[in-house]
Amino acid sequence: MADVPVGTPLAAPLPRPRTLLVGTVFGTAASLMYFAALLGVYLGERSDALSEGGEWIPSSANIQLAPPTVAAWTMLMSVVTMQWAVYSIARDDRAHAIMATALTTLFGLSVVVTTSFQYTDMGLVADESIAAVLIYTISASHLAMIAIGLVFLLLMAFRALAGQYSSRQTDGFVAASIYWYAVVFVYVVIWTAIFVLK
Amino acid sequence: MTLTETNQEAEAVASGDDLRPETEAVASGDDLRPATQSSASQWTPPTGLAGILSTGDHRVIGRLYIVFSLILSGLALIVGMLIGIEQADIDGGFGVFGQANELFQVFGLYRTTLILCGLVPFFLGLATAVIPNQIRASSVAFPRAAAAAFWTWLVGAIAHIAATFSYGGLGSFQADAARGQSVELTVLSLGMIGLGLLAGAGVIFTTLVTQRPSGMDLLQVPAFSWSMLVATGVWLFSLPVLLANLVVSWVDMRGAGTLAFGGGEAPFELVAWAFDAPQVYAWTIPLLGITAEVFTSAHRSSPRLFEPMAFIVGAFGLLSFGAWAQSFFDSADPLADDAHIVTNEVLFAAFALAIAPVVLAYGGWLAFNAYSAGQRPQITPQFALVTLSGALLTAAVVTGVLRVAEPALGVLREADADIWRGFFDAMDDLEGSSLVTGMMNFAVLGGLLAAVAGLFHWAPRLLGRPLNAPLGFLSVLPLAGGAVLVGATDALGGFFDQPARPYEAGDPPYGPGHFDEIDALGFVEALNVIGLIGYIAVLGGLALVALNVARTLAASPGAEADRGGPE
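Residues numbered from 1 in each chain as written. Chains lettered and ligands numbered in written order. Predicted model: local features only at pLDDT ≥ 70, side-chain atom pairs only at ≥ 80, totals over all residues. Heavy atoms only, no water.

1. Thoughts on the overall build of chain A
As a reminder, the rule being used: Comment: elements are numbered from the N terminus, with helices defined as DSSP H or I runs of at least four residues and strands as E runs of at least two. The globule rule used for comparison is 2.2 Å times the number of residues to the exponent 0.38, while the radius of gyration itself is calculated over C-alpha atoms. When accessible area is computed with a 1.4 Å probe and restricted to protein chains, residues below 20% of their type maximum are described as buried, those above 50% as exposed, and intermediate ones as partly exposed. Residue contacts are defined here by distance: any two heavy atoms, one from each residue, within 4.5 Å place the two residues in contact. Values of accessible area rely on a 1.4 Å probe in the Shrake-Rupley scheme; residue burial ignores everything except the protein chains shown.
For chain A, the count of helices and strands is 5 helices and 0 strands. When the helices and strands of chain A are listed from N to C terminus, the series reads α-α-α-α-α. The C-alpha atoms of chain A give a radius of gyration of 22 Å, which is well past the 16 Å a tight globule of 198 residues would have. Summarising its shape, the C-alpha atoms of chain A cover approximately 85 × 40 × 20 Å along the three principal directions. The proportion of buried residues among the 198 residues of chain A is 48%. Counting only contacts in chain A whose residues sit at least 6 apart along the sequence, the fraction spanning at least 24 positions is 78%. Total accessible area on chain A is roughly 9100 Å²; 69% of this is exposed by carbon and sulfur atoms.

2. Focus on empty space enclosed by the protein
All names here are of chain B. Short version of the rule: A cavity here means a set of 1 Å grid points, computed over protein atoms only, where a 1.4 Å probe fits but cannot escape. A pocket is an open set with protein on both sides within 12 Å along at least 5 of 7 lines, and lining residues have an atom within 4 Å of a point. Grid points are joined across faces, edges and corners, and a volume is the space filled by probe spheres set on the points. Put simply, Ala, Val, Leu, Ile, Met, Phe, Trp, Tyr, Cys and Pro go in the nonpolar bin, Asp, Glu, Lys and Arg in the charged bin, and everything else, Gly too, in the polar bin.
Across all of its chains, the model carries 4 cavities of 30 Å³ or more by this definition. Within this model, the largest cavity holds a volume of roughly 180 Å³. In terms of lining residues, the largest cavity is bounded by 20 residues, among which I83, Q87, T437, D490 and Y535 are the most central. Every element with two or more residues in the lining of the largest cavity is listed here: helix 4 (58-87), helix 5 (100-134), helix 18 (435-457), helix 20 (469-495) and helix 21 (521-555). In the lining of the largest cavity, the residues fall into 9 nonpolar, 9 polar and 2 charged.

3. Quick look at the environment of B:Q220
All names here are of chain B. Counting through the fold element by element, Q220 comes out in the loop between helix 7 (177-210) and helix 8 (223-253). Q220 sits in the partly exposed class, given a relative accessible area of 46%. Sequence separation between Q220 and G472 is 252 residues, and the spatial gap between their C-alpha atoms is 31 Å.

4. Notes on the packing of helix 18 of chain B against helix 21 of chain B
All names here are of chain B. Cut-off, in case you're wondering: Only C-alpha atoms enter the line fits that serve as axes; for helices the fit covers just the stretch in contact. Angles between N-to-C directions range over 0 to 180 degrees. Comment on the angle field: the value is read as roughly parallel under 35 degrees, roughly antiparallel over 145, roughly perpendicular from 65 to 115, and oblique elsewhere. The crossing is said to be left-handed when, going from far helix to near helix, the turn is anticlockwise and less than a right angle, and right-handed when the turn is clockwise.
Where helix 18 contacts helix 21, the axes come no closer than 12 Å and their chain directions differ by 15 degrees. With respect to helix 21, the axis of helix 18 lies roughly parallel. Here helix 18 and helix 21 pass one another in a crossing that is left-handed. Residues N441, L448, V452, L455 and F456 of helix 18 pack against Y535, L542, V545, N548 and V549 of helix 21.

5. Remarks on the environment of B:L353
Residue and element names in this part refer to chain B. Looking at where L353 falls in the secondary structure, it is placed in helix 13 (residues 345-373). We classify L353 as partly exposed; its relative accessible area is 37%. Placed 302 residues apart in sequence, L353 and G51 show a C-alpha to C-alpha distance of 49 Å.

Function cannot be read off these values alone, since they describe shape.
Below, the structure is given as structure tokens:
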């Protein structure tokens, strides 16, 4: 290609590789597959138990629908605040982005608290039934997923505080939001498959 | 300043340090550091063990993967050899294993070590070292994550082997407290292995998607890169399922008593799908990419009709996804003897049958390229290895088709029982026979041969100079011959009703009357002796490859890798 003197219009900027975003999508897809497998086992075992005329969740357990429903609504509210954070950072409104991230973190923490309360309240003994093993495995795995999401959110918030993200570079917040939406989606599925269907 | 320079600058900004700090900064080295950092000249990178432990250099990580996966593959083959010795005398047993439980432990260890500690990390190592160069990137996408993935995998692999030999294993026939803890550690360490491999796959996938230069689309990457993209995509959907199975097992073990997932053989049953069709093919997907590159390189041409080949590899990946074929998605009792048979046999048979024309099409693509090149291939060790690895994969697929022959041809049996009765009788009960082990060995050892071929092919970039060709040819014969013997004897044994699982609960595992259902016991024992020779041969071949690598490294002390060679 022949050299062209200075003054010629610049070539259009090339698209930036969105490494963090793609990596997060990969991790999120892996997490969804993990829960798909767990819920597949759960629903399969539940179906077998019920088709044989047995009980699935032991009658001694007292699983109330209210706490997980509160947690589900809390998670759904966190979708709004998460999107608020992405919207704000895309408009260089760093203060609102950080505030929205803090609110999302708060919602996440409250779900952890609600789940912990439910653990103490439902009277489900972990090693007494297959249902208990699976319910604790799935819900505790989801708590771990929330914890990872919270660390991700806090990391993005601190980076935003340090001035790293702006309307030119929103990948961190978008990546965190994708993961967080997956956290919420998984909880809604858990709420339906475990707590509503019982 | 010229437009060329401004374009270069635009490209540098688009893919440069400020926007890809993790990609660039860690693994690059001094040449990419800003010149203004005068203090950097006073900092000396750690060398020796500290350098290896703290490295983020994708080439070093790739080499580490390859070295340790070679070692662990050798260990897996030794374990296979021990099983082979025991099977050489089915009627009495040679007493290698005092109890059936010990045989059950190494039976699982052979599979986990050969596939998850040998084959898959070998491919990941090649990919980590080679792919950035193939797509003209300076490093992998997340160098520190690549290092973390490697160390997680390695620690998990060592713990897994140690736990199994500490009376652990993926479950046991008898449970007591001490054994339970070792079983727990085995399960946890296998989880670590899976997590490490998943992270490594994520790094390769992200590298391929994001680190290509502008203008290079995914169908323009070399065949090996494409096959790794497909492979990591399939592994992305498989490994989390394996992890979920292991977590369920582990949680169940934590209770006062196990209920369904952690006791007896259940931990192995939960993950057995990963070592069986169709998933076993998924671990070998990169074989197709390596074969394509080596094959066309030997014909001194570039791949023609790349898009059809890419489609074939994609179809192979799709049909090899096997996480659905696990016992807990079956309505039957998961701990029953036939637990690994999914209820929906139609789906199972369909997958096994559908993958056969895909492999046939791939063979056709290779033949077309050979014909189009218009010249005889240059015979190199890697060419011989990929040719034989392709033959082994074909044998695996044919064995897989035979395995499902009974359900697939059941309709014909009903239609015309007289003519085909003899044939169908021979096909009876192949499911659950050692034919299944033969299929796995064909596929996995074929993959191992392809990985070794990749090592020969990219040795100039990996090790700084080519591997010794005569020594390479010397290793081809035992590697390929041994792999054929191992797979073929197991497959043939299946036709004589040799069971896939060479143990029964008891003490000792073998003895008169244990396997009365086996036809022609003496012949099956002779087959098993030949299979044992096959294990020894493959092990010898791997030792020769290791010697070749050591010799090359010793001949070029301090040689910096990445000096030319094929991309």
